[in-house]
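Commentary on secondary and tertiary structure
Spelled out from the first residue to the last, the chains are:
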Amino acid sequence: MMEGKTTEFKREYVEDIKYTAVAFANTDGGKIYIGINDDGSVQGVGDTDAVMLRVTNMIRDTIRPDVTMFTECGVETIDGRSVVVLTVQRGTARPYYLVGKGIRPEGVYLRQGASSVPASETAILNMIKETSGDCYEDARSLNQQLTFRKAEDYFARHELPFGESQKRTLGIIGEDGMYTNLGLLLSDECVHTIKLAVFEGSKKTTFRDRRELGGSLLEQLEDAYAYIDQFNRTRAEFAGLDRIDKRDYPPEAVREALLNAITHRDYSFSGSTLISIFDDRIEFVTIGGLVRGLTFDDIMLGVSALRNKKLANVFYRLRLIEAYGTGILRINECYADSEVKPLFEVTDNAFKITLPNRNFTGERKETTSAVPARTKGKAQRQDIILRLAKKQGAVTRKDVEAALQVSQSSAILILREMVDKGLLVKVGAGKQLKYCAAE
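These numbers come from a predicted model, not from an experiment. (Residues numbered from 1 in each chain as written. Predicted model: local features only at pLDDT ≥ 70, side-chain atom pairs only at ≥ 80, totals over all residues. Heavy atoms only, no water.)

Before going further, it helps to examine the state of the cysteines. Under the criterion given, the structure shown has zero disulfides. You can see C190 has no disulfide; the closest cysteine sulfur is in C135, sitting 16 Å from it. (Disulfide = S-S within 2.5 Å.)

A few words now on the pattern of salt bridges. In this structure the tally under the stated criterion is 28 salt bridges. Residue D176 is joined to R140 by a salt bridge in which the shortest nitrogen-to-oxygen separation is 3.2 Å. In this pair, D176 is assigned in the loop between α5 (164-170) and α6 (181-186) and R140 in the loop between α3 (121-132) and α4 (149-157), connecting sequence segments 36 residues apart. A relative accessible area of 32% means that D176 is categorised as partly exposed. Here R140 falls in the buried class, since its relative accessible area comes to 4%. (Salt bridge = Lys/Arg side-chain N within 4 Å of Asp/Glu carboxyl O. Helix = DSSP H or I, 4+ residues; strand = E, 2+ residues; numbered from the N terminus. Buried < 20%, exposed > 50% of the residue type's maximum accessible area, 1.4 Å probe, protein only.)

Our focus in this paragraph is the packing of helix α7 (residues 217-230) against helix α8 (residues 251-263). Put simply, α7 and α8 touch, their axes get as near as 11 Å, and they point 145° apart. Relative to α8, α7 is oriented so that their crossing is right-handed. Residues L217, L221, A224, Y225 and I228 of α7 touch α8, and the partners they reach there are P251, V254, R255, L258, L259 and I262. Tallied by class, the residues present in the contact of α7 with α8 amount to 10 nonpolar, no polar and one charged. (Axes fitted to C-alpha atoms, helices over the stretch in contact; angles between N-to-C directions. Left-handed = near helix turned anticlockwise from the far one by under 90°. Contact = heavy atoms within 4.5 Å. Nonpolar A, V, L, I, M, F, W, Y, C, P; charged D, E, K, R; others polar.)

Turning next to the layout of surface pockets. There is about 1,200 Å³ of room inside the largest pocket. K150, R157, E222, Q408 and I412 are, among the 34 residues lining the largest pocket, the residues nearest its centre. Of all the secondary structure elements, the ones that give two or more residues to the lining of the largest pocket are α4, α7, α8, α14 (397-404) and α15 (408-420). Broken down by element, the lining of the largest pocket gets its largest block of residues, eight residues, from α15. For the lining of the largest pocket, the class distribution of residues is 14 nonpolar, six polar and 14 charged. In this structure, the second largest pocket encloses a volume near 760 Å³. In terms of lining, the second largest pocket is formed by 25 residues, of which the most central are Y136, A139, N181, Y267 and S268. (1 Å grid on protein atoms, 1.4 Å probe; cavity = no way out; pocket = protein on both sides within 12 Å on 5 of 7 lines; lining within 4 Å. Points joined across faces, edges and corners; volume = space filled by probe spheres on them.)

As a further point, take the sheet that holds strand β16 (residues 350-356). The six strands lie next to each other as β10-β9-β13-β14-β16-β15, forming an open sheet whose pairing is mixed. Edge positions in the sheet fall to β10 (207-213) and β15 (343-346), since each has one partner strand and no second. Within this sheet the neighbouring strands show an average axis-to-axis angle of 10°, counted without direction. Alignment of β15 against β16, held across four bridges, turns out to be antiparallel. The partner of V346 across the bridge, within β16, is F351. (Pairing = 2+ DSSP bridges.)

A few words now on the pairing of strand β5 (residues 81-88). As paired elements, strand β2 (residues 30-34) and β5 share five bridges and run antiparallel to each other. Paired with Y33 across the bridge in β5 is V85. Looking at chain direction, strand β4 (residues 71-78) and β5 are connected through eight bridges and run antiparallel. When the bridges of β5 are listed, I78 appears paired with R81. Counting the residues between successive antiparallel strands, the hairpin from β4 to β5 contains two residues, one of them, D79, with a positive phi of roughly 55°.

Tracing the sequence through the fold places S276 in strand β13 (residues 273-277). Residue classification places S276 among the buried residues on the basis of a relative accessible area of 8%.

A few words now on empty space enclosed by the protein. All chains considered together, the criterion is met by four cavities of 30 Å³ or more. Here the residues of the lining of the second largest cavity sort into four nonpolar, one polar and four charged.

Another aspect to go through is α8. A rise of 1.5 Å per residue sets the reference length of α8, with its 13 residues, at 18 Å; its end C-alpha atoms lie 18 Å apart and thus fit the reference within 8%. Burial runs high along α8: 10 of the 13 residues are buried. (Expected span 1.5 Å × (residues − 1).)

What follows is the structure in structure tokens.
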């Protein structure tokens, strides 16, 4: 007998056996003989029951996903001596990895000749693709240490359960019991981001402000809308004695464009979603062109083929989207009475929505006195809240909404920034949450 791609000898039980077991499960299977020296001579095992127990415990406790159904541990007599034999078949949920190491080269091993070696990142991704298919949402997440604080809060606010059974139903947990990429997108550890930038004038020459948003897609959605809302000014017009307030951008159109950018982007690419705010327009650029089989004319008619079906289903359950394929129609309806119309552009790998500023006249505008707090800069807004907190002893989110005349999401974003800067301190939680001026 000789060691090879499917055969490994161990003189006695050692913890390193787990590396070989993982490698066999990820490659073509094999057998590990415990009680045989490297040169093939048989030494035997004294207490076979104890060794078998340690082997089976090791398989159960240190390898993920569960590979026990592809293993068998038994005793064989070779040259008159008892040898423990661990048989490992090639698994169907590859890549298998070591607990604590994760789906990374230091945790995933392959068999090369008579050695077990770390798998390359390319090999790991290929195994995921082979076992999960081409659908990004369904593929196993490389990161299995995920938390869902934001998602749990979001589901709780909508009075929807979010336990393990719901995660399996939604596709956050796959059939193998592992987190999927959909789980990664909704988790606090989501690696994809949204980059927002505000420019002076109508060209990308001078930055006024910029921001990169991370975390769960649900958190990015809230924060991006709140950020845009800060720059969505209100203009007042008068029809006789009646005052008519008109936002630069219809809030419904902004909402739909943002949801479209998040729901339909291709997350198999690592680039960020880009949102650019100019004096005369807002541009939403999403990675990923049209889904195969659709044309530009199709989507303008409201025809929809979802790239991320399960993500869209989550958003539907949370009542963020009401029906599939209506986003672009809604955006156009918002501008039905406007001279300027939204612009939709498609390339092979990107989709761009441009919302024109309905109040733009060729010169940079200032908001009318109807909403004076909205025209103030970030520092001025924070100073207003800080003085109010000192005067009252504390402020709530509703105090901020009233003082600055901003939306709930904008108030949350402003308070969060002030806490991060150390200007305010959180006191209490839930409905009793207040913000006090830092000492």
